[in-house]
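Chain by chain, the residues run as shown.
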Amino acid sequence: DFNARMMKKAAILRNQRYEAIFNENHGFFDKNRMKGDFLAYFKELANKKNIKWQHVYKHFERFVDGKCTFDEVDVDLCRKFMEYLLDAPQSIHRKIKENPNPFLDRIECIPTIKEHLSEDELIRLAETPCEEDVLRRVFLFGCLTGIRKSDIIQLTWQQVQPYTNGRMYVTTRMQKTQQIIHNPISQEALELLGEHCEGLIFKGFKEKMLQGPLQRWLAAAGITKKITFHCSRHTMGSLHVEKGTDMAEIQALLGHKNITTTQIYSKLASDQLCKVVDKITLKRKAEQ
């Protein structure tokens, strides 16, 4: 009797599985799987990704009030979520019948101004004494190499090694993108590293130095722009554009995955733009 009941249950499960496979193979969707918990799937996926995914999950959980099945994920839901995100303080799993993403308009972002130092401002800053020597070395090293602060402050001498051509190279995996960069550094950048030591190169650097000490240093150099540490990276990119460095070379130095990210620095090359705007005139050649 027990075996008969187990065989009966097995037959039911087998038929359900056959139906599911048939539906998938022939374009019909399994209604039972459509009732699955999309929110639980999203949470599991976000935890495997990064903090941005996790933030989006928290917003989505709040948006759907803690409940969402796979069959509820459609174009209309995604559009409403987009509107929600615009006012708030996407991998799609195969269980969804149709990926709504291709039917959605991208959320337009407002470009931000990427402030940077001109060549003259950078030289003036280097010539101006700073109350925190380690801050001076870290910031100027960023301007010369384009390496992010998070990667600079973790540098050790094991990551700075000579290459076969005799130049010193910095090799590091960037924390933000996980890209590996292996870039040569100039003699001036090498001098900013100081004496060879064990452990971190820029010992004693503190985040609080980027507030008062950095701003006082900039003011002493006569720089009134709103400069943050990340502006050192923008400075390196924009100055290379002004110097005529090939865009692909700048991309490699900055560790950008996509060259379109690098091309934004071409908009910052103010000296080149000044020369271009003078090409169109309202005066006749004889009058110029």
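Our subject is the structure that appears above.
Everything numeric in this text was worked out from a predicted model, so none of it was measured.

What counts as what
- Residues numbered from 1 in each chain as written.
- Predicted model: local features only at pLDDT ≥ 70, side-chain atom pairs only at ≥ 80, totals over all residues.
- Heavy atoms only, no water.
- Buried < 20%, exposed > 50% of the residue type's maximum accessible area, 1.4 Å probe, protein only.
- Helix = DSSP H or I, 4+ residues; strand = E, 2+ residues; numbered from the N terminus.
- Pairing = 2+ DSSP bridges.
- Core = buried A, V, L, I, M, F, W, Y, C linked by side-chain atoms within 4.5 Å.
- Contact = heavy atoms within 4.5 Å.
- Arc of directions from axis to C-beta.

1. Thoughts on the pairing of strand β3 (residues 180–184)
Where burial is concerned, the two faces of β3 differ: the one with Ile181 and Asn183 is buried and the one with Ile180, His182 and Pro184 is not. Pairing analysis gives 5 bridges linking strand β2 (residues 168–173) to β3, with the strands arranged antiparallel. Its bridge partner being in β3, Tyr169 is matched across the sheet by Pro184. The hairpin turn running from β2 into β3, its antiparallel successor, is 6 residues long, and Gln178 in that turn takes a positive phi close to 65°.

2. Comments concerning the nonpolar core
Core analysis: the largest hydrophobic core is formed by 39 residues, its most contacted members being Leu125, Phe139, Phe141, Val160, Leu193, Phe202 and Phe205. Per element, the largest residue contribution to this core is 7 residues, and it comes from helix α7 (residues 133–145). Not counting residues within four places of it along the chain, the set of residues in contact with Phe139 comprises Leu117, Leu125, Leu214, Trp217, Ile227, Thr228, Phe229 and Ser232. Core analysis: the second largest hydrophobic core is formed by 15 residues, Leu45, Val73, Leu77 and Phe81 among them.

3. Some thoughts on helix α12 (residues 247–254)
For α12, the set of buried residues is Ile250, Gln251 and Leu254. The arc that holds the buried residues of α12, viewed along the axis, is 105°, so those residues lie on one side. Of the residues flanking the end of α12, it is Gly255, one or two places downstream, whose phi is positive at about 75°.

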